[in-house]
Each structure stands twice: as structure tokens, then as C-alpha cells.
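# Architecture and fold: a report
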Amino acid sequence: MPVAVYCRVSSEEQAERGTIEIQKEFAAKYVDLYQLEVFDYYCDDGISGTIPVEARPEGSRLFRDAKEKKFDTILFYKIDRLGRKVRVILNAVHDLEELGVSIRSMTEPLETETPTGRFMLTSLAGISELERDTILSRMWAGSQRAARLGNWLGGIVPFGYQNDEWIAEKNTWAFRNSNRSCNRCCSNTGRSRNSDRE
């Protein structure tokens, strides 16, 4: 029976960098190595791993096809591609197993048929959540520090404020263009730029 491949990236930035393509390329090599037939690729671009799998656009399609018995195994790059919260991962695995679909990580020694394998799954799910929470904590601390130093944190400039970098760039452009205009005007009249001052 064929397998399904699930890929996910959580941010638009990762989607633009082609991170999901790396997962698909790895999967293509993996299925070629193990001579597996792929039913379809399910790729959620820019979708948070904290959202339940069945609530994601491609995740819901994956569950529909699983209910119709179109594949019996789901491959993913790492367990954190399935989710970034323990509950999300364990619920997805449970629901898929109820449908007769097994899961397989292409980079981690993961199987759910034995008590040790289930323990490993729970541990890896916990590590995924810990990693996500640690990243968020560091980002928050960095933003707080930048704000205390008076640095711009990005986003849309609030009404009534201006971004100094944009103003500096705009003023430089305006100055260059005003000099060009002045030089063009003076050359057309035969006068020098400083003739008015003399």
C-alpha cells in the first residue's frame, strides 16, 4: 500500500526560503531508498505546529484521505513537523492509528507498536514543545531588550510616527535629485550654481 508524506513549515519566512522543499527532497530520496510508493505529498506552508493537524488545510485533506484508506503510513521529516505541542502530536498519532494509519519519522528512530516506542514518541513530542517554548522565550527576551534600548521592533509604523531609516533614505534621494535638477537647470541657462551668490 502507498505511503503519504507530510511536510510543514511554521512561518512565511521559512516558506519563502524553501524549507518545505528541503523536506520534500529528503522524502523523495527516502522513498527511493526504501522503494516506497507515494500516494501524495501534504504540505502546510506557514502553518503553526500548535494548530491541531486536522485543523490545518493540508492536514484536514490528509485525514480525509486516511479515512478513505488511500495509504497506510505517513512519513514526515521529524516529529516536530507533525506538531509543536505534546497534545497536538499525541492526539494526531492516536487519531491516525484509530484509522489504521501508522506514522514514521524519516530522521528519528520512532515506532509506536511497543511500550518503549510509545515512550520515545512522548519524549520526542515533549522535546519539540520544549524547543518551541525556548525559542519563543529567547525571542521575547531579545525584543524586550531591543525595546529598552529604544530600537525599532519592526511592523507598521504607528500613525503620527516616522521610521528614521526611511526618512534618511528618502532625504538622501531628494538631495541627490535636487542637485541633479540644479545642475541641469544651470547647464541649460549657461549660469554656474554659485552665480546668484556672487
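We now turn to the structure provided with this report. Predicted, not measured: the structure shown is a model, and the values here were computed from it.

### Observations concerning unusual backbone geometry
Not every positive phi belongs to a glycine, and Q35 is a case in point at roughly 50 degrees. On the basis of relative accessibility, which here comes to 73%, the residue Q35 falls in the exposed class. A positive phi angle is found at K69, which is not glycine, with a value near 60 degrees. Here K69 shows up in the loop between α3 (57-67) and β3 (73-76). Judged by relative accessible area, K69 falls into the partly exposed class, the value being 48%.

### What to know about a nonpolar patch on the surface
Taken together, I135, L136 and M139 make up a surface patch of nonpolar side chains, about 270 Å² in accessible area. Here M139 falls in the exposed class, since its relative accessible area comes to 52%.

### Some words on the environment of A125
Relative to the helices and strands, A125 resides in helix α6 (residues 115-148). For A125, a relative accessible area of 0% puts it in the buried group.

### Quick word on the pairing of strand β1 (residues 3-8)
Burial of β1 is extensive: six of the six residues sit out of reach of the surface. Judged by which residues are buried, β1 turns out to be covered on both faces: V3, V5 and C7 on one side and A4, Y6 and R8 on the other are all buried. Pairing analysis gives four bridges linking β1 to β3, with the strands arranged parallel. Looking at the pairing, V5 lines up with L75 of β3.

### So, the side chain of T73
Mapped onto the elements of the fold, T73 is located in strand β3. Polar contacts involving the side chain of T73 include one to the side chain of S102, which spans 3.3 Å. Ignoring anything within four residues of it in the chain, the contact list for T73 reads P2, V3, A4, V101, S102 and R104.

### Digging into the nonpolar core
What tends to happen in soluble globular proteins is that the nonpolar side chains get buried as a cluster. Membership of the largest hydrophobic core comes to 24 residues, with the highest contact counts inside it found for F71, I74, I79 and L82. Elements with a contribution of two residues or more to this core: β1, α3, β3, α4 (79-82), α5 (86-98) and α6. Here the element with the most residues in this core is α5; it accounts for five residues. Counting eleven residues, the second-largest nonpolar core is a separate cluster that includes V3, V9, Y30 and C43.

Rules of the game
- Note that residues are indexed from 1 along each chain, following the sequence as it is written.
- It should be noted that, the model being predicted, local features are given only for residues of pLDDT at least 70 and side-chain atom pairs only at 80 or more, the latter also being counted only at that level, while totals for whole chains, interfaces and linings use all residues.
- Water and hydrogen atoms were dropped before computing side-chain values, which therefore reflect all heavy atoms in the structure.
- Each residue is placed in one exposure class: buried if its accessible area under a 1.4 Å probe, protein chains only, is under 20% of its type's maximum, exposed if it is over 50%, and partly exposed if it falls in between.
- Only DSSP runs of H or I with at least four residues qualify as helices, and only runs of E with at least two residues qualify as strands; both kinds are numbered from the N terminus onward.
- For patch building, the residue pool is restricted to those with more than 30% relative accessible area and no salt bridge; the joining distance is 9 Å between like charges and 5 Å between nonpolar side chains (Val, Leu, Ile, Met, Phe, Trp, Tyr).
- Every accessible area reported is derived by Shrake-Rupley at a probe size of 1.4 Å, with residue values counting cover from the shown protein chains alone.
- We define a salt bridge as a contact between a side-chain nitrogen of Lys or Arg and a carboxyl oxygen of Asp or Glu at a distance within 4 Å.
- Strand pairing requires that DSSP identify at least two bridges connecting the strands.
- Each polar contact in these results corresponds to two N or O atoms within 3.5 Å; when the atoms are within protein, one needs to be able to donate a hydrogen and the other to accept it, and residues that are neighboring in sequence are counted only if both atoms are side-chain atoms.
- Contacts were defined at the residue level, with two residues in contact if any of their heavy atoms lie within 4.5 Å.
- Buried Ala, Val, Leu, Ile, Met, Phe, Trp, Tyr and Cys residues form a nonpolar core when they are joined through side-chain atoms within 4.5 Å.

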